[in-house]
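Read off the chains here:
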Amino acid sequence: MSDSFFIQWHITNFCHLRCRHCYQEDFSKNKDLDWSGLNRISENVLETLAGWNRAACIHLTGGEPLLKPELFLLLNHLDQKSIVEELGIITNGLLFDPGIIQRLSAFPKLRKIKISLDGANRETNDSIRQNGTFEKVVKNLPIIKKEGDFEIIFMLTAMKRNFKDLPSFSKLSKELGVDGFIIERFIPWGTGRERMDEVLNREDWKELTGMLLDIFSIEDKNALLPYQAFQVNFNGEEAELLGAPCIIGRDGLCIMPEGSVFPCRRFPVSIGNLLKMSLKEIWENSELLEKLRRKESLKGRCGKCEIEDCRGCRSLALALTGDALEEDPNCPLDLLTRPPST
């Protein structure tokens, strides 16, 4: 089997939280598919990936995936497919109990549980997510560790109100015994459009990446430029920093509850529906994906950038300028290379 193909599958919009930065507007079950629809999408995706000789890495989320009645049926179905390399769940972490963890442990390929946490303390996190969520997540961690054998990863959405706490968040994550955390920046969609003042600007993004450079003693100030998200792992003796470039049009996509396909969840433009089209047809014939794959299609500095593997954040460009091909509004390249003022 060759390279993995990464799929974030939102199996429901239904959620009991109303987080301030949420990219959803619909929190109902109106677009949810029953088992028949979920199965059709699964077979569509896996058949295409088998033809490409690519392994599937599928993370199920929502909404809140643990509120979806068909979750365990879908996990069981996917777990038995040889083409599936890894399964994961992205959750708010509030609904775990010993019984749920034991049921999740029945699926050998379900290795990762990613839990949203947006602050190094109760005040910051709960001001974004909801009162009591910080305490509940921390309280549930020992249950997950005791009853299961999963890699537990926090998911931090970087915003104005929390990004300066990154060193404290890193320390907290290690103290709580999780395996690491992921940093993704806030892209204003859905209810998050009401929080435009929380979007990081270029100076903020430079400061955030600068913190990572300091934490990991990286001397090359340009080392993190190509990456749009980061993962910190605590599995070894020393913490490890991994950078994630944009995967749009390359190594993955997002599936929405009704079967629509987005280039990524923070790029809410449908390029097809898996109940009507094959994944192969969507992936290979999308004019939008083709443009996003070509660096020469990009405008401004991004189209001329000498950093070969970087295309900036297409989702942020779309959200802030209305044009996905515009230059990344957060690119700090000139801030890093600009001569110091005298």
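Reading the values: rules and limits
- Residues numbered from 1 in each chain as written.
- Predicted model: local features only at pLDDT ≥ 70, side-chain atom pairs only at ≥ 80, totals over all residues.
- Heavy atoms only, no water.
- Helix = DSSP H or I, 4+ residues; strand = E, 2+ residues; numbered from the N terminus.
- Buried < 20%, exposed > 50% of the residue type's maximum accessible area, 1.4 Å probe, protein only.
- Contact = heavy atoms within 4.5 Å.
- Expected span 1.5 Å × (residues − 1).
- Polar contact = N/O pair within 3.5 Å; in protein donor to acceptor, adjacent residues only side chain to side chain.
- Core = buried A, V, L, I, M, F, W, Y, C linked by side-chain atoms within 4.5 Å.
- Pairing = 2+ DSSP bridges.
- Axes fitted to C-alpha atoms, helices over the stretch in contact; angles between N-to-C directions.
- Salt bridge = Lys/Arg side-chain N within 4 Å of Asp/Glu carboxyl O.
- Phe/Tyr/Trp six-rings, centres within 6.5 Å; stacked < 30°, edge-to-face > 60°.
- Lys NZ or Arg CZ within 6 Å of the ring centre and 35° of its normal.
- Right-handed = clockwise from strand over helix to strand, strands pointing away.

Q: Can you explain the overall build of the protein? Please cite residues and give values.
A: The helix and strand inventory of the protein stands at 12 helices and 10 strands. Considered along the principal axes of its C-alpha atoms, the protein spans approximately 65 × 45 × 40 Å. Within the protein, the fraction of its 342 residues that count as buried is 56%. Relative to all contacts within the protein whose residues are 6 or more apart in sequence, the contacts with residues 24 or more apart total 70%.

Q: For helix α1 (residues 35-52), give the residues involved together with the corresponding values.
A: Every α-helix carries 3.6 residues per turn, so stepping three or four residues along brings you back to the same face. For α1, spanning 18 residues, the distance from its first C-alpha to its last is 26 Å, which sits close to the expected 26 Å at 1.5 Å a residue. Looking at α1, one finds that the buried residues are Gly37, Leu38, Ile41, Ser42, Asn44, Val45, Leu46, Thr48 and Leu49. Buried residues in α1 make contact with β1 (4-10), β2 (55-61), α2 (71-79), β3 (84-91), β9 (252-255) and α8 (279-285). For α1, the N-terminal capping position is held by Asp34, with its side-chain oxygen 3.2 Å away from the main-chain nitrogen of Ser36.

Q: Please set out the nonpolar core residue by residue, giving values where relevant.
A: Grouped together as the largest cluster of nonpolar side chains are 96 residues, with contacts concentrated most on Trp9, Ile58 and Leu104. Leaving out residues up to four positions away in the same chain, Leu104 has contacts with Phe72, Leu75, Ile89, Phe96, Leu110, Ile113 and Phe150.

Q: So, the sheet that holds β3: which residues are in play, and what are the values?
A: Strands sit in the order β8-β7-β6-β5-β4-β3-β2-β1-β9-β10 across an open sheet of 10 strands; the sheet is mixed. Each edge of the sheet is formed by a strand with only one pairing partner; in this case those strands are β8 (240-244) and β10 (261-262). Bridge count for β1 against β2 is seven bridges, and the pairing is parallel. Counterpart to Phe6 in the pairing with β2 is Cys57. Most of the contacts of α2 go to β3, to which it runs at about 160 degrees, and overall it touches β1, β2, β3 and β4 (110-116).

Q: Give a description of the pattern of salt bridges that names residues and reports values.
A: Going through the model one piece at a time under the given rule, you end up with 17 salt bridges. Residue Lys68 pairs with Glu70 through a salt bridge whose shortest N-O separation is 3.2 Å. Just as Lys68 is buried, Glu70 falls in that class too. One salt bridge in this structure joins Arg161 and Glu198, with 2.6 Å as the shortest N-O distance. With Arg161 in the loop between β5 (151-158) and α6 (166-175) and Glu198 in the loop between β6 (180-185) and α7 (202-215), this residue pair connects regions lying 37 residues apart in the sequence.

Q: For the environment of Ser170, give the residues involved together with the corresponding values.
A: Position of Ser170 relative to the elements: it lies in helix α6. On the basis of relative accessibility, which here comes to 12%, the residue Ser170 falls in the buried class. In this structure, the C-alpha to C-alpha distance between Ser170 and Phe181, residues 11 residues apart in sequence, is 7.8 Å. When sequence neighbours within four positions are dropped, the list of residues in contact with Ser170 reads Phe181 and Phe234.

Q: With reference to specific residues and values, describe the side chain of His10.
A: Mapped onto the elements, His10 comes out in strand β1. Assessed through its relative accessible area of 1%, His10 is described here as buried. At 2.4 Å, the side chain of His10 and the backbone oxygen of Gly62 are in polar contact.

Q: I'd like to hear about the packing of aromatic side chains, residue by residue, with values.
A: Tallied over the entire structure, the rule returns nine aromatic pairs. Pairing Phe5 with Trp52 gives two aromatic rings, centres 5.9 Å apart and planes at 55 degrees, and the pair type is tilted. With Phe5 in strand β1 and Trp52 in helix α1, the pair connects residues that are 47 residues apart, well separated along the chain. A centroid spacing of 6.2 Å and a plane angle of 75 degrees characterise the contact between Tyr227 and Phe230, whose relative ring orientation is edge-to-face. In textbook terms, an aromatic cluster arises when at least three aromatic residues are bridged by ring pairs, as seen for Phe154, Phe169, Phe181 and Phe234. Above the ring of Phe27, the side-chain terminus of Arg18 is found at 4.2 Å from the ring centroid. The cationic tip of Arg185 hangs over the ring face of Trp205; the distance from NZ or CZ to the ring centre is 3.9 Å.

Q: Got a sec to walk through the pairing of β3? Specific residues and values, please.
A: Extensive coverage of β3 is indicated by the burial of seven of its eight residues. Inspection of the sheet shows β2 paired to β3 by five bridges, in the parallel sense. Paired with Ile58 across the two strands is Leu87, which belongs to β3. Considered for its hand, the β-α-β crossover made up of β2, α2 and β3 is right-handed. Looking at chain direction, β3 and β4 are connected through five bridges and run parallel. If you follow Ile89 over to β4, its bridge partner there is Ile113. You can see the chain leave β3, run along helix α3 (residues 98-104) and come back into β4, and the turn it takes is right-handed.

Q: Could you give me a rundown of α7, with the residues and numbers involved?
A: Given a rise of 1.5 Å per residue, 14 residues ought to cover 20 Å, and the 20 Å separating the end C-alpha atoms of α7 matches this to within 8%. Listed as buried for α7 are Asp204, Trp205, Leu208, Thr209, Gly210, Met211, Leu212 and Leu213. The secondary structure elements touched by the buried residues of α7 are β5, α6, β6, β7 (229-233) and β8. Capping the start of α7, Asn201 holds a side-chain oxygen 3.1 Å from the backbone nitrogen of Glu203, two or three residues further along. One or two positions beyond α7, positive phi appears at Ser217, with a value near 50 degrees.

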